[in-house]
Amino acid sequence: MLNEQLPLSTANLSDAMEGANHLDFSIKPLQRHYKLFGPALTVDTPAGNNYSVLEAIRLAEPGSVLVIDGKSYCNRALAGDFVVAMAKLVGISGIVLDGVIRDQEDIEKLNFPVFCKGSTIAASSKKEKGTVNEIISCGGVKIHPGDFIAGDDGGVIVIPKEEVEEVLAKAREKWQKDKDRENEVLVSKETVYTYLDNALK
């Protein structure tokens, strides 16, 4: 299960974690159909510099998710189509970036999951190094290397690596309860009123 595509929605996972560990709402998929689920390869990089992004791509294990703390800097892109294409070719399963990309149209043609704040036209610098595979803060959430990253149209959420199986089990249970409630309540006006009357007591 852990190496498969996102098995449940990020909303389901958020319910299982009681609303914790979701990245800032501004970090969204470049295209709506993108889904992402895998262990984090973390990058902490100085604003506007992508040297350590390249380092991480070189070190990445297949299936990992490149998670980049770009300091929310949006004037220079930390990746363009060339960098994203390299990430895809070495087996990285997606990129989550607290910052921006460029060459959006060409990146979209790669059909590769990228979650970020948006796009700009200015390229990054390679003058300053950051760190790879250390604890970072991305989108307001602390992320350890190996924590599981889930992303879809709703956004991105982080599951601590030691809690993955427990969170998935809780999320599946909550999903089933929600389906049972829908089947019971979303039948007629009367069943809706009955539910609302009980909920509002």
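Everything below is about the structure shown above.
Keep in mind that this is a model prediction, so the values were computed, not measured. (Residues numbered from 1 in each chain as written. Predicted model: local features only at pLDDT ≥ 70, side-chain atom pairs only at ≥ 80, totals over all residues. Heavy atoms only, no water.)

S.K.: Report on the environment of Leu 97, specifying residues and quantitative values.
M.R.: Position of Leu 97 relative to the elements: it lies in strand β4 (residues 94-101). For the pair Leu 97 and Tyr 73, spaced 24 residues apart in sequence, the C-alpha separation works out to 10 Å. What Leu 97 contacts, discounting residues up to four positions off in sequence, is Ile 27, Ile 68, Leu 78, Phe 115, Cys 116 and Lys 117. (Helix = DSSP H or I, 4+ residues; strand = E, 2+ residues; numbered from the N terminus. Contact = heavy atoms within 4.5 Å.)

S.K.: An account of helix α3 (residues 81-89) is requested, with residue identities and associated values reported.
M.R.: Taken as a whole, α3 has its buried residues at Val 83, Val 84 and Ala 87. Looking straight down α3, one finds its buried side chains confined to an arc of 95°; they lie on one side. In α3, the exposed positions that point more than 90 degrees away from the buried face belong to Phe 82 and Leu 89. On the buried face of α3, the contacting elements are α2 (51-59), β4, α4 (104-109) and β5 (114-116). Backbone geometry just downstream of α3 places Gly 91 in the positive-phi region, at approximately 100°. (Buried < 20%, exposed > 50% of the residue type's maximum accessible area, 1.4 Å probe, protein only. Arc of directions from axis to C-beta.)

S.K.: How would you sum up the nonpolar core? Please name residues and give values.
M.R.: The biggest cluster of nonpolar side chains holds 40 residues, and the ones touching the most others in it are Leu 66, Val 67, Val 96, Ile 143 and Ile 149. When neighbours within four sequence positions are excluded, Ile 143 is seen to be in contact with Ala 40, Thr 42, Val 67, Glu 134, Ile 135, Ile 136, Cys 138, Ile 149 and Val 158. (Core = buried A, V, L, I, M, F, W, Y, C linked by side-chain atoms within 4.5 Å.)

S.K.: Run through the state of the cysteines, naming residues and quoting values.
M.R.: If you walk through the whole model with that rule in mind, you get zero disulfides. Note on Cys 138: no disulfide assigned, nearest cysteine sulfur contributed by Cys 116 at a separation of 11 Å. (Disulfide = S-S within 2.5 Å.)

S.K.: Could you give an account of the packing of α2 against α3, with specific residues and numbers?
M.R.: When two helices pack together, their arrangement is given by the angle between the helix axes and the distance between those axes. Two elements in contact, α2 and α3, have axes separated by 9 Å at closest approach and are oriented at 20°. With respect to α3, the element α2 is oriented roughly parallel. Taken as a pair, α2 and α3 cross one another with a handedness that is left-handed. Seen from α2, the contacting residues are Val 53, Leu 54 and Ile 57; seen from α3, they are Val 83, Met 86 and Ala 87. Here the residues of the contact of α2 with α3 are counted per class, giving six nonpolar, no polar and no charged. (Axes fitted to C-alpha atoms, helices over the stretch in contact; angles between N-to-C directions. Parallel < 35°, antiparallel > 145°, perpendicular 65-115°, else oblique. Left-handed = near helix turned anticlockwise from the far one by under 90°. Nonpolar A, V, L, I, M, F, W, Y, C, P; charged D, E, K, R; others polar.)

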